[in-house]
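# Working through the structure, step by step
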Amino acid sequence: MSSNDSERRVVSGMRPTGRLHIAHYHGVLKNWIRLQHEYDCFFFVADWHALTTHYQEPGDIEQFTLDTVIDWLAAGISPGSCTVFVQSRVPEHAELHLLLSMVTPKSWLERVPSYKDQITRLQDFDLDTYGFLGYPVLQSADILVYRAGNVPVGADQVAHVELSREIARRFNHIYGREPQFEELAEAAIKKMGRKPARLYGKARKDYVERGDTEALERARALLAEQQNLSIGDRERLFGYLEGGGRIILPEPQALLTDSSKVPGLDGEKMSKSQNNTLRLREDPVVVEQKIRTMQTDPNRVRRNDPGEPGKCPVFELHEIYSDQDIKDWVADGCRSAGIGCVDCKVPLIDAINEEQSQFIERAEQFENNPDLVRSIIIEGSEAARDVARETLDDVRSAIGISYR
Ligand code: TRP
Ligand code: SF4
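Residues numbered from 1 in each chain as written. Chains lettered and ligands numbered in written order. Predicted model: local features only at pLDDT ≥ 70, side-chain atom pairs only at ≥ 80, totals over all residues. Heavy atoms only, no water.

### Things to note about the domain arrangement of the protein
The following threshold applies: The start and end points of each domain follow an automatic or database-based domain assignment. Contacts are residue-level and defined by heavy atoms, with any inter-residue pair within 4.5 Å sufficient. Note on definitions: buried area is the accessible-area loss of two parts on being combined, 1.4 Å probe, summed for both. Just to be clear on terms, a salt bridge is a Lys or Arg side-chain nitrogen sitting within 4 Å of an Asp or Glu carboxyl oxygen. Under the rule applied, a polar contact is a pair of N or O atoms within 3.5 Å (in protein, one hydrogen donor and one hydrogen acceptor; residues adjacent in sequence only if both atoms are side-chain atoms). Working definition: helices are DSSP H or I runs of at least four residues, strands are E runs of at least two. Numbering for both runs from the N terminus.
Taken domain by domain, the protein consists of domain 1 (3-175 + 370-399), domain 2 (181-241) and domain 3 (281-366). Computed over C-alpha atoms only, the centres of domain 1 and domain 3 are separated by 35 Å. On the domain 3 side, the residues contacting the 15 residues of domain 1 number 12 residues. Here domain 1 and domain 3 share an interface that buries about 1100 Å² over both sides, 62% of which is from carbon and sulfur atoms. Considering only the surface of domain 1 that becomes buried against domain 3, Ile22, His26 and Ala74 emerge as the three largest contributors, covering 39% of it. Viewed at the interface, domain 3 and domain 1 are joined by 1 salt bridge. When the shortest N-O distance is used, the salt bridge between Asp71 and Arg281 registers 2.7 Å. Across the contact surface, domain 1 and domain 3 share 5 residue pairs in polar contact (both at pLDDT 80 or more). Of all the secondary structure elements, the ones that give two or more residues to the side of domain 1 that touches domain 3 are helix H2 (22-38), helix H4 (61-75) and helix H19 (370-399).

Here it is as structure tokens:
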């Protein structure tokens with residue numbers, strides 16, 4: 001696999017927390033749905049990750065996983081355009097996790113910001129475990145096992161992706177060095193033919209000596225178009241550009257996209273544990289009832305009191321669901337007390353139900369046929385394994401435990 005393939009590949013995971021809500025849709029899934037058409041995407045349910053915190057009372061993880069996948073499909077994730085699977089169905093994640101754990105300094109894990117943070121925040125759970133400390137190593141394995149260049153995540157996960165870069169770098173540093181790396185790299189350069197060899201040599205020199213990153217890009221593009229290099233030679237030459245050895249596990253980067261912030265029904269952050277959510281595939285009657293009782297600007301007590309949309313979570317939903325005309329109508333009517341909150345909510349209820357109707361329609365065939373969902377998961381997991389196995393073959397051989 002060349003660096004170019006790695007740049008095209010995307011991996012992301014979600015824990016199985018049961019039914020998803022509209023904040024998942026607007027914050028995460030809409031982004032995934034766009035990416036599935038532009039990249040080679042791997043999306044999985046991180047069921048082992050759920051156990052790192054909830055090992056004592058796992059609940060029905062399997063049902064939660066099925067519900068999560070049905071919500072993905074309902075939202076528009078398409079198994080024809082990306083690979084959808086379940087982490088524990090791809091045991092290569094665990095093997096790579098083990099091998100990465102050998103090279104990961106303990107201090108790196110203790111320094112991950114979420115580590116101490118979660119231990120104090122989740123007081124009800126005993127998180128003084130090996131599994132919880134190693135959680136970011138597992139996440140690194142999830143990413144590196146697909147040699148993915150891009151990881152779409154929220155801001156809270158960026159530190160984890162950073163760590164996976166450091167682990168990859170350390171792994172490549174330790175195991176990417178072959179005994180005669182330089183000789184092999186120089187021999188590979190000759191195989192490219194005179195002109196490309198000269199261009200590669202010059203670009204490498206410009207990068208190594210002057211840090212010219214454009215030269216680095218040029219050399220990478222040059223390598224990508226070489227037809228007569230073996231995979232091993234190509235990887236060697238990618239690695240030689242940056243001075244080190246062979247790149248076995250390319251470094252991924254976080255793909256941060258700005259997504260809409262969705263308020264909960266009480267105006268706080270939408271979250272299952274806060275009981276303030278609107279689920280995907282929610283019944284229209286329930287949507288109407290939940291929006292009707294949703295928190296408004298607290299200063300607007302009576303119908304005649306003017307309100308301030310900037311202080312109202314209902315308006316935040318209008319920002320997501322309504323066009324400019326409706327937003328103007330709301331803002332003017334609210335500030336002048338020309339409309340009541342009940343009026344204001346009517347077009348919102350309609351817009352949400354309109355969106356939900358597609359989810360409900362898409363989900364129907366899966367709700368009626370759980371075996372169909374299971375077969376999507378099994379097929380996706382097999383496809384993911386094919387890729388993961390190749391990485392592990394390479395990893396084992398780099399370490400020297402191939403037994404072939
Ligand atoms: N840790 C992530 C979360 O809690 C989920 C996750 C697990 C993940 N493995 C991943 C995300 C790999 C991106 C890539 O949200
Ligand atoms: Fe909020 Fe709309 Fe009521 Fe204004 S009119 S307070 S924006 S619900």
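### As for empty space enclosed by the protein
Condition: A cavity, in this analysis, means grid points on a 1 Å lattice covering only the protein atoms where a 1.4 Å probe fits yet has no way out; a pocket is instead an open set bounded by protein on both sides within 12 Å along at least five of seven lines, and a residue lines either one if it has an atom within 4 Å of a point. Grid points are joined across faces, edges and corners, and a volume is the space filled by probe spheres set on the points. In this classification, Asp, Glu, Lys and Arg are treated as charged, Ala, Val, Leu, Ile, Met, Phe, Trp, Tyr, Cys and Pro as nonpolar, and every other residue, Gly included, as polar.
By the definition in use, this model includes 2 cavities of 30 Å³ or more. Looking at the largest cavity, its volume works out to about 110 Å³. Lining the largest cavity are 14 residues, with Arg300, Cys312, Cys334, Cys341 and Cys344 positioned closest to its centre. For the lining of the largest cavity, the secondary-structure elements that each account for two or more residues are helix H16 (313-321), helix H17 (324-335) and helix H18 (341-367). Looking at the lining of the largest cavity, the element that brings in the most residues is H18, giving 3 residues. Residue classes in the lining of the largest cavity are distributed as 9 nonpolar, 2 polar and 3 charged.

### Examining the layout of surface pockets
By volume, the second largest pocket is sized at about 580 Å³. Every residue lining the second largest pocket is counted, 23 residues in all, and those nearest its centre are Arg220, Glu242, Ile247, Pro250 and Glu251. Secondary-structure elements contributing two or more residues to the lining of the second largest pocket are helix H1 (3-8), helix H10 (158-175) and helix H14 (231-241). Sorting elements by how many residues they give to the lining of the second largest pocket places H10 first, with 4 residues. Here the lining of the second largest pocket is composed, by residue class, of 5 nonpolar, 10 polar and 8 charged. The residues that make up the lining of the second largest pocket include at least three from each of domain 1 (3-175 + 370-399) and domain 2 (181-241).

### Quick word on the site of ligand 1
As a reminder of what qualifies: Each residue is tested against the molecule or strand, and it is near if at least one of its non-hydrogen atoms lies within 4 Å. With residues, only the protein chains shown are counted as cover, and all accessible areas are computed by Shrake-Rupley using a 1.4 Å probe.
Near ligand 1 you find 13 residues, and of these His49, Tyr135, Gln139, Asp142 and Gln157 are the closest. His49 has a polar side-chain atom sitting 3.5 Å from a nitrogen atom of ligand 1. When ligand 1 sits alone it has 370 Å² of accessible area, and the protein chains cover 89% of it. Within the residue set of the shell around ligand 1, elements represented by two or more residues are strand S1 (9-14) and helix H9 (135-144). For the shell around ligand 1, the element with the most residues is H9, which contributes 4 residues.

### Brief notes about the site of ligand 2
Stated formally: Each molecule is checked against the cavity or pocket grid, and it sits inside if more than half of its atoms lie within 2 Å of the grid points.
The full set of residues close to ligand 2 is Thr296, Asp297, Arg300, Cys312, Val314, Val330, Cys334, Cys341 and Cys344. One can see that ligand 2 is located within the largest cavity. When residues of the shell around ligand 2 are traced back to their parent elements, those giving at least two are H17 and H18. In the shell around ligand 2, the residues fall into 6 nonpolar, 1 polar and 2 charged.

### Some words on the pattern of salt bridges
In plain terms, the rule: For the exposure calls, accessible area comes from a 1.4 Å probe over protein chains only, and a residue counts as buried if that area is under 20% of its type's maximum, exposed if over 50%, partly exposed in between.
In total, this model carries 29 salt bridges according to the counting rule given. A salt bridge links Asp40 to Arg9; its shortest N-O distance comes to 3.1 Å. Residue Asp40 is found in strand S2 (residues 40-45), and its partner Arg9 is found in strand S1; the two are separated by 31 residues along the sequence. On the accessibility criterion, Arg9 (10% relative accessible area) is buried. Ionic pairing is found between Arg210 and Asp206, a salt bridge with its closest N-O pair at 3.4 Å. Here Asp206 and Arg210 lie together in helix H12 (residues 194-210), a separation of 4 residues that amounts to about one turn. Residue Arg210 is classed as exposed on the basis of its relative accessible area, which comes to 58%. Put simply, Arg19, Asp71, Arg281 and Glu367 are held in one network by salt bridges that share partners.

### Things to note about helix H3 (residues 47-54)
For H3, every residue scored as buried is listed here: Asp47, His49, Ala50, Thr52 and Thr53. Structurally, H3 contributes buried residues whose contacts are with S2, H4, strand S3 (83-86), helix H8 (130-133) and H9.

### Focus: the nonpolar core
Where a protein is soluble and globular, its nonpolar side chains tend to be buried together. Short version of the rule: Within this scheme, the nonpolar core is defined by two criteria: the residues are buried Ala, Val, Leu, Ile, Met, Phe, Trp, Tyr or Cys, and they are joined through side-chain atoms within 4.5 Å.
Grouped together as the largest cluster of nonpolar side chains are 51 residues, with contacts concentrated most on Leu29, Trp72, Ile77, Ile291 and Leu317. Here this core spans two domains, and each of domain 1 (3-175 + 370-399) and domain 3 (281-366) adds at least three residues to it. Dropping the residues within four chain positions of it, Leu29 is found in contact with Met14, Leu20, His24, Trp72, Ala75, Ile77 and Leu280.

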